[in-house]
Amino acid sequence: MGDVLAGIHATWEFESDSVLIRFERGIRTPKLFQALGERRIPHEALASVTLAPGKRGTVVLHAIPRPGADPLMEAAAGQLRDGSDPYRLVLPAERETLAEYYGDELRALLTPEAKGPAEKFLVAAPQAPLHFKAYDGKASFDGSRVSFRWFWTGASSAKWKAGDQNFHIQELNGVEWRSPDVFDGYLRLLRRDNGAGGLTAFPPPRQSAQADQDPAAVVFGLGYGPVHESLPFAAAVLGAVRTGSAAPPDPAPAHPVPVPVAARRDPADIAERIRHLGDLREAGLVTDEEFTAKKAELLAEL
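Predicted model, so just to flag it, every value in this text is computed and none were measured. (Residues numbered from 1 in each chain as written. Predicted model: local features only at pLDDT ≥ 70, side-chain atom pairs only at ≥ 80, totals over all residues. Heavy atoms only, no water.)

Before going further, it helps to examine the sheet that holds strand β2 (residues 10–14). In spatial order, the strands read β1-β2-β3-β4; together these 4 strands make up an open sheet with antiparallel pairing. The open sheet is flanked by β1 (3–6) and β4 (38–42), the only strands paired with a single partner. On average, each strand axis in the sheet is tilted by 20 degrees relative to the strand beside it, whichever way the strands run. In this structure, strand β3 (residues 18–23) lies alongside β4, joined through 5 bridges in antiparallel fashion. (Pairing = 2+ DSSP bridges. Helix = DSSP H or I, 4+ residues; strand = E, 2+ residues; numbered from the N terminus. Axes fitted to C-alpha atoms, helices over the stretch in contact; angles between N-to-C directions.)

Printed below as a string of structure tokens:
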């Protein structure tokens, strides 16, 4: 066990090769910190360390990660507020001398590569399984696959027509996360584009349809998809995509094998979905042919 520096909402333990950050639990602790629990930051993942005055008689010891070193910060893409930055340790001003000492000690341990971006993730991503409720659907990640199940109360007709979605991480090239703290927040999955004969990007990175119309995205809203749930989710998916930690989908067997019967869906849920489809048809958003086909698909799940 190394030296420990306790601050407000977190404690840093200085070890020989890393800093172990343990976040406190409590009503005043940012929910993102509580969701993360603890994080081990290798020295090689850090670019620099600073110490600056904080608000209301505090100082802030800030360990700044290298670009590309932490999937959480890569997914956040600079959108986190200072109060939710897991690399900031806020301390009472009377501990400034102690903070300065540990800052100098940590700075001396940084590797020569600290000035450049990391070639791979050096900080572990949040662990699956993870899930959260967005405005228009529920997102789930089991470590290998991301699934979106649409809510009839929020999903657009385009998403209802496409149906619930499942993506293996081998199909994905990345994740685009727009914070729920801003207008029109969303989480979008970016598909691989391997050129001729390969998978087509759906949607193409940053050149895609609006998120509420995109079956590869879930949209946030007030009270849906909060940062402490959606950001670790995005980081976990991004970490799996970049490291290729899940096995590729199983190839089709040479000879047919019996397929286990899937669990039946709740009849009440199926009935509600069909009723919603009827509302979409009445509104002119779904054609009679689309309604009939989707209804048959839903009834087959019973």
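The end-to-end C-alpha distance of helix α7 (residues 288–299) is 16 Å, a good match for the 16 Å that 12 residues give at a rise of 1.5 Å each. Among the residues of α7, those classed as buried are F291, K294 and L298. Take α7 and look down its axis: the buried residues cluster within an arc of 75 degrees, on one side only. Facing away from the buried surface of α7 by more than 90 degrees, the exposed residues are E289 and T292. (Expected span 1.5 Å × (residues − 1). Buried < 20%, exposed > 50% of the residue type's maximum accessible area, 1.4 Å probe, protein only. Arc of directions from axis to C-beta.)

Note on placement: R145 falls in strand β10 (residues 145–150). For the pair R145 and H168, spaced 23 residues apart in the sequence, the C-alpha separation amounts to 4.4 Å.

To continue, consider the sheet that holds strand β6 (residues 58–65). Pairing in this open sheet of 3 strands is antiparallel, and the strands run β5-β6-β7 from one edge to the other. The sheet terminates laterally at β5 (46–53) and β7 (88–92), the two strands that pair on one side only. On average, adjacent strands in this sheet sit at an angle of 15 degrees to one another, irrespective of strand direction. Together, β5, β6 and β7 form the strand contacts of helix α3 (residues 96–108), whose direction differs from that of β5 by roughly 165 degrees. (Contact = heavy atoms within 4.5 Å.)

This brings us to the pairing of strand β8 (residues 130–133). Note: β8 against strand β9 (residues 137–141), 4 bridges, orientation antiparallel. Paired with L130 across the bridge in β9 is F141. Hairpin geometry of β8 and β9 is characterised by an intervening segment of 3 residues between the two adjacent antiparallel strands.

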